[in-house]
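In case you want the letters, here they are:
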Amino acid sequence: MSNRQSGAERPASPPRRQRACAPCTKAKARCHFEDNKVDDGCDRCRRMKIICAPQTTKSLRRPRQVKPIHTPSTTVPAEQSNGSSSLPRNATYGPHMLATGPFGINNETSSDTTASSSAPSIAKDSPPRNVITTKTIRDRCRGALEPNQDALQQYTLPILPPSRPLQPGFGLTWNQAEQAVSDFRIKFTPFFPFVAFDPDVSAEDLLSRKPLLFKAIMLAAAPLTLAKQNEIKTSILAYVGQHLLVMDERDLGLLQGLLVFIAWGEDHFYFDQKVTYLTYLAMGYAHNLALTRPPPTMQQKMMVAAYPKDAKEAMMGHTLTTVLEESHTPEELRAFLGCQFLLSINASQFGRDSVLKGDYIDRSLNSLVLPTDFGADFILDKMIRFQQIVEQISERLPSQTNTNDGTTVFTMSISNEMQSIRNQLNQLFANMAREHRQFVLFWAMHNYVLVRLYLPASTLSPPPDQTAAYQQRQCMLYCLQAAKSFFATILSIPPDGYLIRTFISFSEILFVLVAASRLLLVEIEGWDLNEARRMFDFPSTMDSLVSTLKDLVNLRVQRAADAAAEGAAIFGTRYTPDGAEDVKEDRFFKYATKLEWIKNWFETQSLGGPVVQGPGEPPTPSGPSNWAPNNQTWSPFMFGFLGDDNWNIDF
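Residues numbered from 1 in each chain as written. Predicted model: local features only at pLDDT ≥ 70, side-chain atom pairs only at ≥ 80, totals over all residues. Heavy atoms only, no water.

A. How the structure looks around the overall build of the chain. Counting its secondary structure elements, the chain contains 26 helices and two strands. Put simply, 73% of the contacts in the chain that link residues at least 6 apart link residues at least 24 apart. Counting only carbon and sulfur atoms, one obtains 53% of the accessible surface of the chain, whose full area is about 36000 Å². (Helix = DSSP H or I, 4+ residues; strand = E, 2+ residues; numbered from the N terminus. Contact = heavy atoms within 4.5 Å. Areas by Shrake-Rupley, 256 points an atom, 1.4 Å probe, with all protein chains shown as cover.)

Take a look at the structure:
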């Protein structure tokens, strides 16, 4: 009795230590569970916001093997069954022993009588125990080569259907995921044709082969609530950090997923520090994949192999396996051009050097685009060519940052440069038929480039020469006409057409918006502001754009609610639709709110009177317009976006 009481009073044993989770084991990191709680995940997984999954233990037990039925040709003699140790034990050899070659089995066969009569001689004149001759292996494997077909049919395994992957996650069903992949391929790809895949690729294949690309496509094309969007964004960033930086994986699917995430998932494209680091990360990863270096030509290979310049080239020539021409795959070339295109957009937006230069860019485009192809690669080529003209404008014309002092004067040489670039733009747009399904996209890009081309004329002081002054006013008129045509094209797009647009389209809208407000407020001798405002009704255009964005918000919320209800009905879970407060965090709602503020600011500057401010709107200064070339404080915008601290509000 006393022994039982002493046993009951013994202190409790310490909790059993948990096994390290799968992410920590793969990263070879220390795995620690706080207070031994497994449900909450380990400290590292919670800190990195990744899924803390347990390890899958492989069974140590060998799988059961079915031995073939021995035929009379492989019957063990009586001497061997009685304990004879002169021969090794009969073994069952697999298919890897049946290959031809010096260590395989040849095609010689012997009859059953020969095998049975030679059995005693083998037992009598057998080689040592550790020596196995080819003939011995052949005799032992004849049972595996010639089994009893009737007995073999008894062990035929049934053909099972292929295993279906798990659910796509984030509350989506497989039907919704398949629809999102199909929509991305048909509707989304023309606006960013740098990531394309075959039409027969299903959502399940995409999830198993390229998980990051699958998540990025779901974020862009699937109808998700705002809570699910934030969840998948966090998952994408955690996946990028884990696989690109920690595990240092080299996979083209990671680069493609990162490009899609930048194009459709990065809302803060107007802030340098928000989008630049992702763009340069993608470019650096493309360099790690050797996509930024062109393969050597056949002539270069032959020169290195025959006439090496140094020891390094001698080693390269020694290790060459072929002198034939090599090249990257079309999928790799599209990803490389996508990185260059995003980097060029970032450079032109924030005033950095051009990047779409060099022979390798032209070689990549020529190898992708066929003369008779008007599909995704044709759109890719046009987008690259348009952006190259934008880079020429930044290089050959005075930039906005260099004309703030008011000392730069418009000259005829600047007008001639503009006309030369205009001729290139007309030639690029010449072979674009109106019947092309993406004509609206190209027409909007064409007018956007025209606005960028002629906008510097409004930032320069008027020259004393009357001819040059007339050309300056003509360039400003061309810029205003292009802005009007641009917004007419943009407003012709239905609300759901904005959902498939990348951040590049919204960047162009904001730039042309600022340029138009500049032209309607700038004070230059000979420039008729009243006539310009009658030509382009800025407040009416803003009202139409704001109304379209608000309709887009309602459409997105309704689609997300319907998709969430469908998924909840299938999985038997509850869902929470986007509420009124959640909608305020929608990026299109923020765009609409900011455009209303800009409209109020424009009316204040043009009329000079007070204006009614909306809730949360920063104070709008009243008084005359300060859009003047000789005024260093003329522009409240920076690189096409609001630059004042009071106005530079996160969308």
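B. Spotlight on the environment of D586. Looking at the element boundaries, D586 is found in the loop between helix 25 (580-583) and helix 26 (587-607). On the accessibility criterion, D586 (2% relative accessible area) is buried. Measuring from C-alpha to C-alpha, the distance between D586 and L226 comes to 7.2 Å, with 360 residues separating the pair along the chain. Excluding anything up to four places from it in sequence, D586 contacts L226, V553 and R556. Among the polar contacts listed, one links the side chain of D586 to the backbone nitrogen of F588, at a separation of 2.8 Å. (Buried < 20%, exposed > 50% of the residue type's maximum accessible area, 1.4 Å probe, protein only. Polar contact = N/O pair within 3.5 Å; in protein donor to acceptor, adjacent residues only side chain to side chain.)

C. Structural context of helix 22 (residues 503-519). With 17 residues, helix 22 should cover 24 Å at 1.5 Å per step; its first-to-last C-alpha distance of 25 Å lies within 8% of that length. Counting buried positions along helix 22 gives 17 out of 17 residues, so the element sits mostly inside the fold. (Expected span 1.5 Å × (residues − 1).)

D. Structural detail: empty space enclosed by the protein. If you walk through the whole model with that rule in mind, you get seven cavities of 30 Å³ or more. Surrounding the largest cavity, 15 residues form its lining, F341, M383, M445, I504 and E508 being those nearest its centre. Elements that contribute at least two residues to the lining of the largest cavity include exactly helix 16 (330-350), helix 18 (376-396), helix 20 (439-454) and helix 22. For the lining of the largest cavity, the residue count by class is eleven nonpolar, three polar and one charged. (1 Å grid on protein atoms, 1.4 Å probe; cavity = no way out; pocket = protein on both sides within 12 Å on 5 of 7 lines; lining within 4 Å. Points joined across faces, edges and corners; volume = space filled by probe spheres on them. Nonpolar A, V, L, I, M, F, W, Y, C, P; charged D, E, K, R; others polar.)

E. View of the nonpolar core. Core analysis: the biggest nonpolar cluster contains 146 residues, and F192, M218, L255, L259, M418 and L595 have the highest contact counts within it. Excluding residues within four positions of it along the chain, M218 makes contact with L172, A177, A180, V181, L224 and I232. By size, the runner-up hydrophobic cluster in this structure holds six residues, among which are C24, C31, F33 and C45. (Core = buried A, V, L, I, M, F, W, Y, C linked by side-chain atoms within 4.5 Å.)

F. Layout of the side chain of H328. Here H328 lies in the loop between helix 15 (311-319) and helix 16. Overall, H328 belongs to the buried group, its relative accessible area being 16%. Within the structure, H328 has its side chain in polar contact with the backbone oxygen of A290 (distance 3.3 Å). At 3.2 Å, the side chain of H328 and the backbone oxygen of R293 are in polar contact. Other than its neighbours up to four places away in sequence, H328 contacts A290, L291, R293, P295, L333 and Y360.

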